[in-house]
Amino acid sequence: MQTQKSYAQETGVLYLVPTPIGNLGDMTPRAVAILQTVDLIAAEDTRHTQKLLNHFDISTKQTPLHEHNWQSKVPYLIAQLQTGLTLAQVSDAGMPSISDPGRELVDAATEAGIPVVPLPGASAGITALIASGLAPQPHYFHGFLPRKKNEQAAELTKLSVIPATMIFYEAPHRLKLTTATIASVLPQRQVVLARELTKRYEEFIRGTASEVAQWAAENEPRGEFVVMVSGATYAELAPVDEQADLPVEQAVKVLVDGGLKPTAAIKQVAKQRGLDRQTVYAAYHEIEG
């Protein structure tokens, strides 16, 4: 067990600093202040982050930290934090660790007892969700689906039972394949695409899975996309009534003959057919009597 007191420590602090997902006006004053005052910034792409630093007149030194160098870089950064250095971690856009590098450093810092302090800010998934028109809660954030069609279909099949709005990220060159797969696996679902969030060409595309897949096939997708899919409904999750064509009393009898107690069978048939339990009870006992 571990208890973190973020601002009472003898080591350095790791700050997780969100950056704008498009519009630089979304950078918070606190985020700017942290980037100005820390000793070092760990950036996913230092060239990309330098443009942000230049815009806000931030001169703090950067060091690269990404998926190709984290195994060698994380131990070095942890050692620096243990000496009292303060470090800010940023990804190219949005929240560190959300489909971007970052988790490995956070894991190592928490294991070493180094305070990890998150700053609130932009996140493409949540930004898209609240304007999607789909239910905002509960929601399930998945990130990127696998790249191959058969693997996508298998993953979506597993996710199909989740009764929550699902949020995915997708690159423009894979959008056509991904939306087509969604349409084939979840044809009855509502789908919303969001692109270029917070930018001049921000756009939302809403429709059935098939309609959205057709849009992606007929257009040239540009910009990074958030793909949102409505969750499973009660009707989809309800057990199938295999005796749907039978009279009520016969449906109960089939279940009883299969090993269910009469009371349990009556309850199940009543629930499946939306009937009053006493009505089903009376019908069953009429043939039994």
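Caption draft 1: Spotlight on the packing of aromatic side chains. The full count for this structure, using the stated rule, is three aromatic pairs. For the ring pair Phe141 and Tyr169, a centre distance of 5.1 Å and an interplane angle of 70 degrees mean the geometry is edge-to-face. With Phe141 in strand β6 (residues 139-144) and Tyr169 in strand β7 (residues 165-170), this pair connects stretches of sequence that are 28 residues apart. Clustering of aromatic rings is evident, with ring pairs tying together Phe141, Phe144 and Tyr169.

Caption draft 2: How the structure looks around the pairing of strand β10 (residues 225-229). Judged by how many residues are buried, β10 sits mostly within the fold: five of five residues are covered. Residues Phe225, Val227 and Val229 line one face of β10 and the alternating positions Val226 and Met228 line the opposite face, and both faces are buried. Pairing of β7 with β10, which is carried by five bridges, proceeds in the antiparallel orientation. Bridge pairing in β10 places Met166 opposite Val229. Judged from the five bridges that link them, strand β8 (residues 190-195) and β10 form a sheet pairing that is antiparallel. Of the residues in β10, the one forming a bridge with Val191 is Val229.

Caption draft 3: Structural context of the nonpolar core. Formed by 20 residues in total, the largest nonpolar core has its most connected members in Phe168, Val191, Leu193, Val227 and Val229. If you list the elements that add at least two residues to this core, you get α6 (149-159), β7, α7 (175-185), β8, α8 (209-218) and β10. At five residues, the largest contribution of residues to this core is made by α8. Core analysis: the second largest hydrophobic core is formed by 18 residues, Tyr15, Val32, Leu52 and Ala88 among them.

Caption draft 4: Expanded view of the environment of Ile98. Locating Ile98 in the fold gives a position in the loop between β4 (87-90) and α4 (103-111). Here Ile98 is in contact with Phe141 and Tyr169, once residues within four sequence places are set aside.

Caption draft 5: Spatial organisation of helix α1 (residues 29-37). For α1, the complete set of buried residues consists of Ala31, Val32, Ile34 and Leu35. Each buried residue of α1 sits inside an arc of 165 degrees when the element is viewed along its axis, so together they form one side. More than 90 degrees from the buried face of α1, the exposed residues found are Pro29 and Thr37. Considering only its buried residues, α1 is in contact with β1 (14-16), β2 (40-43), α2 (46-55) and β4.

Caption draft 6: Layout of unusual backbone geometry. Going from Gln137 to Pro138, the amide bond is cis rather than trans, its omega being -5 degrees. Within the secondary structure, Pro138 is located in the loop between α5 (124-132) and β6. Phi is positive for Ser97, which is not a glycine, with a value near 80 degrees. Considering the arrangement of structural elements, one finds Ser97 in the loop between β4 and α4. Among the residues examined, Ser97 registers a relative accessible area of 30% and is labelled partly exposed. Phi is positive for Glu196, which is not a glycine, with a value near 55 degrees. By the secondary structure assignment, Glu196 is in the loop between β8 and β9 (203-208).

Caption draft 7: Highlighting the sheet that holds β10. The five strands lie next to each other as β6-β7-β10-β8-β9, forming an open sheet whose pairing is mixed. What marks the edges here is a single partner per strand, and that holds for β6 and β9. Averaged over all neighbouring strand pairs, the angle between strand axes comes to 20 degrees, with direction disregarded. Two elements, β6 and β7, share five bridges in a ladder whose sense is parallel. Looking across to β7, one finds that Phe141 is bridged to Ile167. Lying on the sheet, α5 is in contact with β6, β7, β8, β9 and β10; it crosses β10 at an angle near 50 degrees.

Caption draft 8: Broad picture of the packing of α7 against α8. Orientation of α7 relative to α8, taken along the N-to-C sense of each, is 160 degrees, at an axis distance of 8 Å. Taken together, the axes of α7 and α8 are roughly antiparallel relative to one another. Crossing angle aside, the handedness with which α7 passes α8 is left-handed. Residues Leu175, Lys176, Thr179, Ala180, Ile182 and Ala183 of α7 form the contact with α8, whose own contacting residues are Ala209, Ser210, Val212, Ala213, Trp215, Ala216 and Ala217. For the contact of α7 with α8, the residue count by class is 10 nonpolar, two polar and one charged.

Analysis parameters
- Residues numbered from 1 in each chain as written.
- Predicted model: local features only at pLDDT ≥ 70, side-chain atom pairs only at ≥ 80, totals over all residues.
- Heavy atoms only, no water.
- Phe/Tyr/Trp six-rings, centres within 6.5 Å; stacked < 30°, edge-to-face > 60°.
- Helix = DSSP H or I, 4+ residues; strand = E, 2+ residues; numbered from the N terminus.
- Buried < 20%, exposed > 50% of the residue type's maximum accessible area, 1.4 Å probe, protein only.
- Pairing = 2+ DSSP bridges.
- Core = buried A, V, L, I, M, F, W, Y, C linked by side-chain atoms within 4.5 Å.
- Contact = heavy atoms within 4.5 Å.
- Arc of directions from axis to C-beta.
- Axes fitted to C-alpha atoms, helices over the stretch in contact; angles between N-to-C directions.
- Parallel < 35°, antiparallel > 145°, perpendicular 65-115°, else oblique.
- Left-handed = near helix turned anticlockwise from the far one by under 90°.
- Nonpolar A, V, L, I, M, F, W, Y, C, P; charged D, E, K, R; others polar.

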